[in-house]
Number of protein chains: 2
Amino acid sequence: MITPEAIIFDLDGVLTDTAEYHFLAWKQLADELGIPFGRKDNEQLRGIPRRRSLDYILALDGRSISNAEAEELMTRKNNHYRTLIKQVSTKDLLPGVATLLAEIKQAGLKVAIASASKNSPQVLNQLGICDQLDALAHGGSVVRQKPHPDLFLHTARELGVPSAHCIVVEDAAAGIDAAHAAGMTAVGIGPAERVGAAEVVLPNLDGVSLADLLSATTWRVVEPHFDPAKQHHRETIFTIGNGFLGTRGSLEERYPGDRQATLVHGLYDKAPVVFTTLANAPDWTSLEIWINGRRFDMTQPGIRDYVRWLDLRDGTLNRRLVWEIDAETAVELRWTRLTNLAHQHDVAVQLSITAVKNNLTCRLRARLDGHVENHGNLHWHTMQEESDHAQASLLLQTRHTKKQLALSMNLGMTSAKVRPCDCPGTPGLESDFTLDEGQWTSFQKMIAIYSSRETNEPLAAARKRSYELLGLPFEKLLAQNRAAWDAFWQDSDVIIEGDDEAQIALRHALFQLRIAAPTHDDTVSISAKTLSGFGYSGHVFWDNEIFVLPFFTYTQPQLAKNMLLYRHHTLPGARRKAAKNGYGGAQYAWESAETGDEVTPTWVPHFSDPTQLVRIWTGDIQIHISADIAYALKQFWQVTGDDDFWRDVAAPIVLETAVFWGDRAEYEDGRFAVRDVIGPDEYHDHVDNNAFTNFILRWHLQTAQETLRWLQIHAPQQADTLTQALDLSDERLAHWQNIADNIIFLHDKESGLIEQFEGFFQRKKVDWPKYANTEKSMQVLLGIEGANKHQVLKQADVIALFCLFPNAFDAKTQQANWDYYEPITDHVYGSSLGPSMHAWAACLMNQPELGYEHFMRAARADLLNVRGNAGDGIHAASAGGLWQAVVFGFAGLRLAEEGHTINPRLPAHWQRVSFKFYRQGKQQIVNISADQPILAAS
Amino acid sequence: MITPEAIIFDLDGVLTDTAEYHFLAWKQLADELGIPFGRKDNEQLRGIPRRRSLDYILALDGRSISNAEAEELMTRKNNHYRTLIKQVSTKDLLPGVATLLAEIKQAGLKVAIASASKNSPQVLNQLGICDQLDALAHGGSVVRQKPHPDLFLHTARELGVPSAHCIVVEDAAAGIDAAHAAGMTAVGIGPAERVGAAEVVLPNLDGVSLADLLSATTWRVVEPHFDPAKQHHRETIFTIGNGFLGTRGSLEERYPGDRQATLVHGLYDKAPVVFTTLANAPDWTSLEIWINGRRFDMTQPGIRDYVRWLDLRDGTLNRRLVWEIDAETAVELRWTRLTNLAHQHDVAVQLSITAVKNNLTCRLRARLDGHVENHGNLHWHTMQEESDHAQASLLLQTRHTKKQLALSMNLGMTSAKVRPCDCPGTPGLESDFTLDEGQWTSFQKMIAIYSSRETNEPLAAARKRSYELLGLPFEKLLAQNRAAWDAFWQDSDVIIEGDDEAQIALRHALFQLRIAAPTHDDTVSISAKTLSGFGYSGHVFWDNEIFVLPFFTYTQPQLAKNMLLYRHHTLPGARRKAAKNGYGGAQYAWESAETGDEVTPTWVPHFSDPTQLVRIWTGDIQIHISADIAYALKQFWQVTGDDDFWRDVAAPIVLETAVFWGDRAEYEDGRFAVRDVIGPDEYHDHVDNNAFTNFILRWHLQTAQETLRWLQIHAPQQADTLTQALDLSDERLAHWQNIADNIIFLHDKESGLIEQFEGFFQRKKVDWPKYANTEKSMQVLLGIEGANKHQVLKQADVIALFCLFPNAFDAKTQQANWDYYEPITDHVYGSSLGPSMHAWAACLMNQPELGYEHFMRAARADLLNVRGNAGDGIHAASAGGLWQAVVFGFAGLRLAEEGHTINPRLPAHWQRVSFKFYRQGKQQIVNISADQPILAAS
């Protein structure tokens, strides 16, 4: 997120229209030559360079001329033009321009004109806006014209504003491309066919506000400076991916201490402590450059005009900079990194090199780097490595689980001579070449990646696809990928007007969720840190079902289905866990990976003294996960109406986990208790009758009965099968109902207060003012046992029930508990799951401004790294929670039996919220304006 | 250890002497030419080739001739010779030859003659021994003559015996070199100045037995075949080193699954579970070869004549083989690897390449491979890497402890063109060259290694030394190293005649101990697995003081002193441990590394279910280590008489650890108990009043009092200092004496039995026949708790006391306990410390044959991998125990107040044992012959 500091306008077609004057000048020349030329002919000249326009006119009369004569005629035409534009005056400013320029200046932003036309100073003078300009640049200032970025870069330097902070307003495709090449965002003026590559497209500037221009930046996460100290954070937020793999944004040339990773779904290997972890795959991005014998390294002096940005519209990660190697030598470098959403085995990085100053001797080395690690642990053995003059390949195998991964690369259709690089464990291709001053070239490192999870011959598959990629221009790959992303955003974007920070954070969150969602694989799911970091080792938690899935269920049901099927495939692991603990049915793992067996670490080193081990109990007793999964299944059915899925996949899970619950609840004097658990608030372990657990257990046992009744009516055969297989006798069903009726739920009807677990209200109160300005979690400050003894929550527990079951509690109960629990929750450094849930709940309390505070805490968890741990990976639950907070909280969406309702409670400064979702296969559109809070359903 | 199968004799000067006939032939020619020539002139021709001999004779008369004339004269001389040797007959066989040949044939070994002389068939015929020969080869059979190995290799092929199984008997230096180049061992006939490179040197064959020839193999550990399945074992036993570093015998071209390691003393990094571990240093051996585009790889077909051997005399690791690349192409490759004992920062590997068949296009790549690991864990960050056309360097830093290690390499004074290899993390040098058939070349990869423990600028130091090495021929490096090794063996060799297996095992053990002993560093010591493997992570145990140190104390006191000073430097860690446990004084760590703090892992994964953790108690309660160190200090003083060391270093340790003991012993009803400990027998933990612990504690407290008395007389100032610092009040001393007088020691005077700890005799008896043929330890078979409940010992506990305190127990006590404990000890798969201790104890019982059984169990622990875990590293305690078993056990050495006594109890088949040691700086020689068991002191 960067603050725009300058708007750079193209002149012609944007601020004014000199087309008429050009026509008149050509017409005058044609008349002089005796060639008939009219307005209709002139239409053919739009966007056509001068010389070709002249040739067109001459051709009308069948003439052709020498270059010298042409020069003379073009000079003559230009003179006519220069005379004509003396008529230009303030009235030629296009509608809206004057107001807009005034607003920009008023807001303190700089304004510049960057026009190819050398006549632009004169025109601007006559338009009477020169005094509003901070800089004026025309084509004569630079050698290379648009679509090269030179003119805009020159303008930015004149303004003294880093290019990342500039917005370009342009009406030509080449201008949009030039802006992007300069690392700027673009507003396109004109039809989408022409300027659709811009972040914002407007027909003209009439009625356009500065806010409209600034919204161009909400599709882009920008890093304006390279800072080695922030590497890990930037790597996480610049993760790109495609549902098959995620690649962190470490840099192609690598830097000491970086935490490079490509994580591929399902490629688990055994690991100490955490049982199993996703094995960090080879670094496919590796690109090293030597210019005049010096290796490119941004920690050395001479780097300027640096900008790196993640384009959320198409998932490309881009970087550009100029390297001033010495006083006489400079080179411009541009990278575009891509993980193809349209074909998940393709990844690529393009490097463009321009000799800005002096002639260059260059060496490029592109490797598949198998020397990778998971935090100092190795998970691969090299099985095969090879490189020839066209292709390099690497085949690896995980050390313990024996899964194979193959990568095969080429360098695109380059004219440079390429030779193999056979460095051990990291095969690649190399090229030596020269560039004269002003020359440029580019290499496309195109890589195909296959694992033994998709094919028995991953190396052959990778070699074959790499060969296919060799025939595919990089632009084609970009276009395929962009089309797939356009389709995603078409369904899943959420528009927030009036709050660009919230807008960009939400888009980044949805982007990060999409790239982690398995596109073609229903045996994996989204882990707590997606595929963007080593945190939680790729394990799947309730985070997915309760925080992440709703976004997919509502906007991308097929992806949600894949992830719910993961729980179906891992049901055997859940059965094993239940059996191991002495229960019937299925008990899902708190942390789940390949098989569904419990993989929560049992012991971990203590955070303050790593020589001491801390027993982690969540894998043993945080049991609400099984009901959370049932909840997500039910929600999917409710939203999609997919009866087949409900019957075949969901119902068996709901019923088999219910069998576990029936065994787990303990009968005590006419009531049922659930003792020795951990609820969502993990600061307290070994507690009895946790409110969240017992409530959702009750819901689960009731839902299970409804499920069986539904099956008996709509799918009697399945009902019979499950009744037999799970022994769903009348006694068992009666037992379930008995539990549901009599489970302990510590709700004081008088006060409305729900006690989080037995004895919570007796625990010590925290001296909150003492901890007002801390930067540590309450668990660190009080100690593990200390937090356990106090009334302090890691995250919502009772409050979470109000969000998940909004109809289950009256307003008094909600308010009483909100007032009790919200102030004693560790919002800042407790669980990252908390803030978005509290944002949502605050809306239920009609406190959107307080909700907004919580919302922004979640929004900044990754982008601003407010919790300090974003380097470990994206906070997936927080990202999913952002969507829920907007849609269920601020917009107040609720489904009814038929249709849905909206109950908007927007923060005061939000002007508009708009989103779509699918209800039973039909897309619904919600559009809420602050001034006109009316819902518009499709 | 390999079995010799063939003896290959040189002819002239070995079996017969044709010198007289050559003289007569030259004389005849000289006479014909009219040149005066006598016996005195003839002396000048010894070992001189024919043409130069002729020139010498002609020069006597001032003549010179053309090549053609010379050819004619040499033919004439040879004809004279052939006529003369018709006189040769059986009487020309040299003394002893006939008997020796008969003995060899009798023993079933093959006999061959390999003589350069083409006349040898005729000579042999007349000597009348042709029917005793299995093969006969002469110079005409091969192109390249000695010192090239071709003739011997040809002979071995004729015999059908692998070259590793051949012994060569030679009288010329070139012949010895040729034998070694062929991978054979050599017996040199003649003066040491000429044939000293041979493993055995004899004046002639008169009175020589086959055993004398076979003893040539006892300086060499041989691998006759490459077997990838045995890699880890071979890597350990082929470890070479120099007291600074140890390098496992993984192969230069590396193979999948190998466990390459170079471990450098003191380069510890933090590690999970084991707290700290020696970080595996870069692979300096790395050498890759491509011939005609194919990478050399022994898992591919075409490898023949393979042999690899460790030369114990100079610590070089050698390999030779022929690679038949295809039907038309073959190459001979020879490697010699060296870690310079004379200059500990030098390491080197020489590769010789000979084009045996066809012309070759070769590529050589020599790297410093920084891509190394400790069992899947990474410990280094690359700080700097560089390569130019002469040198490549690598600077690394440990990830947690920030220790630096630098390596710098060159490729010797090669004439081939060398280019840099800048593979990331593994810089090196490369060369492309060609060899015509018959041509050969060699490269010397010379590397200097420095760490930040010796210098603040390790990279500068490594670069400088590498540059110096570039000016040093490899032969010079070899000679320096050999001289240092000669000096070591001069003092420390132990000769066992009559048992070549025992001889080679003992030498290998002493070799492995020497390379692990810090030569110039007194802040490190020998760990349980030396520097030869990852086992026990480089931690130091009591193994060092009780099993390893005596060898050094007796034969290399300076090295022993370095290691005892390590305990002095780590005394602060011992103080911290005592304080942490609530005691005064110093309590040494059970496992000790850099600081002396306890680094025994607290929890380790269970051997049968790695998801379960097992609590390791030795770091908490195996407390006898502190007394073991005092014992070693006292022994050092007794042997060396080094009063300064005793006063300044040893006494403070003995007294400060005694303070700990005084606090640790618990007063109970007039007696003192030591409860909750682990004794040497670690199958039983949390035991009370362990015999070993309590006895050595008593000894320690008595020794402490004697120490203070000695100081009061000989160093009153030090006595005062320590008395004040440690509060050695009269009360404390009286308390110590009280403990010594009243410590519980469960010795039943009636039966003589000493109960290992309270209640041991009540534990369950093991049904031993049930476990007769197992290949697992009793702890695995019975389970950890099961073994704890049974009367089964991991190793000697009570019995160990008899070895360490031979005067403390009467014969009856010794015998009764031996009879009780020896049969219930897990000798085969229990502790590797056990067998050598039992061998020693058996000698005390006058059972040398039983002792020999135990002895060979220890002798085979590494060389034959009988315990199956040699891949983890050398069993240092077992190696040191071998020396003690021979010297203290079989030879029965005991020191007296003045001088020493010998009480030989040799196994029946041992004919001679001979060794040296230093007593108070004066070398003593012990020589025991079976038939003449008399000691010969210096």
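Residues numbered from 1 in each chain as written. Chains lettered and ligands numbered in written order. Predicted model: local features only at pLDDT ≥ 70, side-chain atom pairs only at ≥ 80, totals over all residues. Heavy atoms only, no water.

Enquirer: Is there a simple way to explain the overall build of chain A in this structure?
Expert: Each helix and strand in chain A was counted, giving 30 helices and 34 strands. Whereas a compact globule of 938 residues would reach a radius of gyration of roughly 30 Å, chain A reaches 31 Å, a difference of no more than 12%. When its C-alpha atoms are laid out on the principal axes, chain A stretches across 110 × 65 × 60 Å. In chain A, which comprises 938 residues, the proportion classed as buried is 61%. If you sum the accessible surface of chain A, you get close to 34300 Å²; carbon and sulfur atoms cover 49% of it. The distance from the centre of the 88 positive side-chain charges to the centre of the 116 negative ones in chain A is 3 Å. (Helix = DSSP H or I, 4+ residues; strand = E, 2+ residues; numbered from the N terminus. Rg over C-alpha atoms; globule rule 2.2 N^0.38 Å. Buried < 20%, exposed > 50% of the residue type's maximum accessible area, 1.4 Å probe, protein only. Areas by Shrake-Rupley, 256 points an atom, 1.4 Å probe, with all protein chains shown as cover. Lys, Arg positive; Asp, Glu negative; His and termini not counted. Charge placed at Lys NZ, Arg CZ, Asp CG, Glu CD.)

Enquirer: In this structure, what is going on with empty space enclosed by the protein? I would like to understand it.
Expert: Empty space among the atoms becomes apparent when a probe as large as a water molecule is rolled across them. All names here are of chain A. Per the counting criterion, the structure on display carries 13 cavities of 30 Å³ or more. Within this model, the largest cavity holds a volume of roughly 80 Å³. If you trace the largest cavity, you find 14 residues lining it, with A505, A509, A859, D862 and L882 closest to the centre. Among the secondary structure elements, those contributing two or more residues to the lining of the largest cavity are α14 (500-516), α29 (848-863) and α30 (876-890). With five residues, the top contributor of residues to the lining of the largest cavity is α29. (1 Å grid on protein atoms, 1.4 Å probe; cavity = no way out; pocket = protein on both sides within 12 Å on 5 of 7 lines; lining within 4 Å. Points joined across faces, edges and corners; volume = space filled by probe spheres on them.)

Enquirer: What should I look at first to understand the pairing of strand β1 (residues 6-9) of chain A in this one?
Expert: For a regular strand, the rule is simple: side chains alternate between the two faces of the sheet. Residue and element names in this part refer to chain A. Side chains A6 and I8 project from β1 onto one buried face, and the interleaved I7 and F9 project onto a second face that is buried too. In the sheet, β1 pairs with strand β2 (residues 110-115) via four bridges, with the strands oriented parallel. If you follow I8 over to β2, its bridge partner there is A112. (Pairing = 2+ DSSP bridges.)

Enquirer: It is not clear to me how the interface of chain B and chain A should be interpreted in this structure. Could you clarify?
Expert: In many analyses, interface size is given as the accessible surface area lost on bringing the parts together. Listed per partner, the contact involves 18 residues of chain B and 18 residues of chain A. In total, chain B and chain A occlude about 1600 Å² of area from one another, counting both sides; carbon and sulfur atoms represent 55% of this. Interface area lost by chain B to chain A is led by L378, D422 and P424 of chain B, which between them contribute 27%. Summed over the shared surface of chain B and chain A, the result is six salt bridges. The shortest N-O distance in the salt bridge between R363 of chain B and D422 of chain A comes to 2.9 Å. Viewed at the interface, chain A and chain B are joined by nine residue pairs in polar contact (both at pLDDT 80 or more). (Contact = heavy atoms within 4.5 Å. Buried area = accessible area lost by both parts, 1.4 Å probe. Salt bridge = Lys/Arg side-chain N within 4 Å of Asp/Glu carboxyl O. Polar contact = N/O pair within 3.5 Å; in protein donor to acceptor, adjacent residues only side chain to side chain.)

Enquirer: So what exactly am I meant to see when it comes to the relation of the copies chain B and chain A here?
Expert: Mapping one chain copy onto the other needs a rotation about an axis and a shift along that axis. In the superposition of chain B on chain A (RMSD 0.1 Å, axial shift 0.0 Å), the rotation amounts to 180°. Taken together, these values place the two copies in the relation of a two-fold axis. Considering only C-alpha atoms, the residue of chain B closest to the rotation axis is N377 of chain B, which sits at 2.3 Å. The residues that chain B uses at the interface reappear at the interface of chain A in 100% of cases, marking a shared surface. (Least-squares fit on C-alpha atoms with pLDDT ≥ 70 in both.)

Enquirer: Help me understand the packing of aromatic side chains, please; the structure alone is not making it clear to me.
Expert: We describe a pair of aromatic rings using the distance from one ring centre to the other and the angle between the two ring planes. Tallying each qualifying case throughout the model produces 97 aromatic pairs over all chains. Relative to F760 of chain A, the ring of F757 of chain A has its centre 5.3 Å away and its plane inclined at 80°; by these criteria the two rings are edge-to-face. Overall, F757 of chain A belongs to the buried group, its relative accessible area being 1%. Looking at F760 of chain A, the relative accessible area reads 0%, which means it is buried. On the numbers, 5.1 Å between centres and 45° between planes, the contact of F433 of chain B with F443 of chain B is tilted. With a gap of 10 residues between them, F433 of chain B in strand β24 (residues 428-435) and F443 of chain B in strand β25 (residues 440-451) connect regions that are remote in the sequence. For F433 of chain B, a relative accessible area of 12% gives the class buried. The rings of W219, W485, F488, W489, F511, F551, F552, Y554, W840, W883, F888 and F917 of chain A are connected pair by pair, giving a single aromatic cluster. Above the plane of the ring of W335 of chain A lies R319 of chain A, whose end atom (NZ or CZ) is 3.5 Å from the centre. Between the NZ or CZ atom of R615 of chain A and the centre of the ring of W617 of chain A, over which it lies, the distance is 4.0 Å. (Phe/Tyr/Trp six-rings, centres within 6.5 Å; stacked < 30°, edge-to-face > 60°. Lys NZ or Arg CZ within 6 Å of the ring centre and 35° of its normal.)

Enquirer: Is there a simple way to think about the packing of helix α19 (residues 625-640) of chain A against helix α21 (residues 691-714) of chain A in this case?
Expert: All names here are of chain A. As a packed pair, α19 and α21 sit with axes 9 Å apart at the nearest point and diverge in direction by 50°. Considering the angle they form, α19 stands oblique to α21. Judged by the twist between their axes, the crossing of α19 over α21 is left-handed. Across from S626, A627, D628, A630, Y631, K634 and W637 in α19, the residues of α21 making contact are F692, I696, W699, H700, T703, E706 and W710. Here the contact of α19 with α21 is built from residues that sort into eight nonpolar, three polar and three charged. (Axes fitted to C-alpha atoms, helices over the stretch in contact; angles between N-to-C directions. Parallel < 35°, antiparallel > 145°, perpendicular 65-115°, else oblique. Left-handed = near helix turned anticlockwise from the far one by under 90°. Nonpolar A, V, L, I, M, F, W, Y, C, P; charged D, E, K, R; others polar.)

Enquirer: Even after reading the chapter, I still don't get the side chain of T813 of chain B, so can you show me in this structure?
Expert: Residue and element names in this part refer to chain B. Positionally, T813 belongs in helix α27 (residues 811-821). Engagement of the side chain of T813 in a polar contact is seen with the side chain of D810, the distance being 2.6 Å. Setting aside residues up to four positions removed in sequence, T813 forms contacts with H747, G752, I754 and F802.

Enquirer: Where do I start with the sheet that holds strand β1 (residues 6-9) of chain B in this structure?
Expert: Whenever strands of a sheet pair, they do so through backbone hydrogen bonds, lying parallel or antiparallel. Residue and element names in this part refer to chain B. Reading across from one edge, β3-β2-β1-β4-β5-β6 is the order of the six strands in this open sheet, with parallel pairing throughout. Edge positions in the open sheet fall to β3 (135-138) and β6 (200-202), since each of these has one partner strand only. Taking the axes of each pair of neighbouring strands and ignoring which way they run, one obtains an average angle of 20° across the sheet. Here four bridges tie strand β4 (residues 166-170) to strand β5 (residues 185-189), and the two strands are oriented parallel to one another. Within β5, the position partnered with E170 by the bridge is G188. The strands that helix α8 (residues 173-181) touches are β4 and β5; relative to β5, the one it contacts most, it runs at about 170°.

Enquirer: Can you walk me through the pattern of salt bridges in this structure?
Expert: Once the charged atoms of two side chains with opposite charge are near each other, the side chains can pair. Tallying each qualifying case throughout the model produces 130 salt bridges over all chains. As a salt-bridge pair, D283 of chain A and R254 of chain A come within 3.3 Å of each other at their nearest N and O atoms. Remark: R254 of chain A occurs in the loop between β9 (245-247) and β10 (262-264) and D283 of chain A occurs in the loop between β12 (275-278) and β13 (287-291); sequence separation between them is 29 residues. Overall, R254 of chain A belongs to the partly exposed group, its relative accessible area being 23%. Among the charged side chains, a salt-bridge network with shared partners connects E288, R295, R363, R365, R367, D369, R419, E430 and D432 of chain A together with D422 of chain B.

From the geometry alone we can't say anything about function, so treat these as descriptive.
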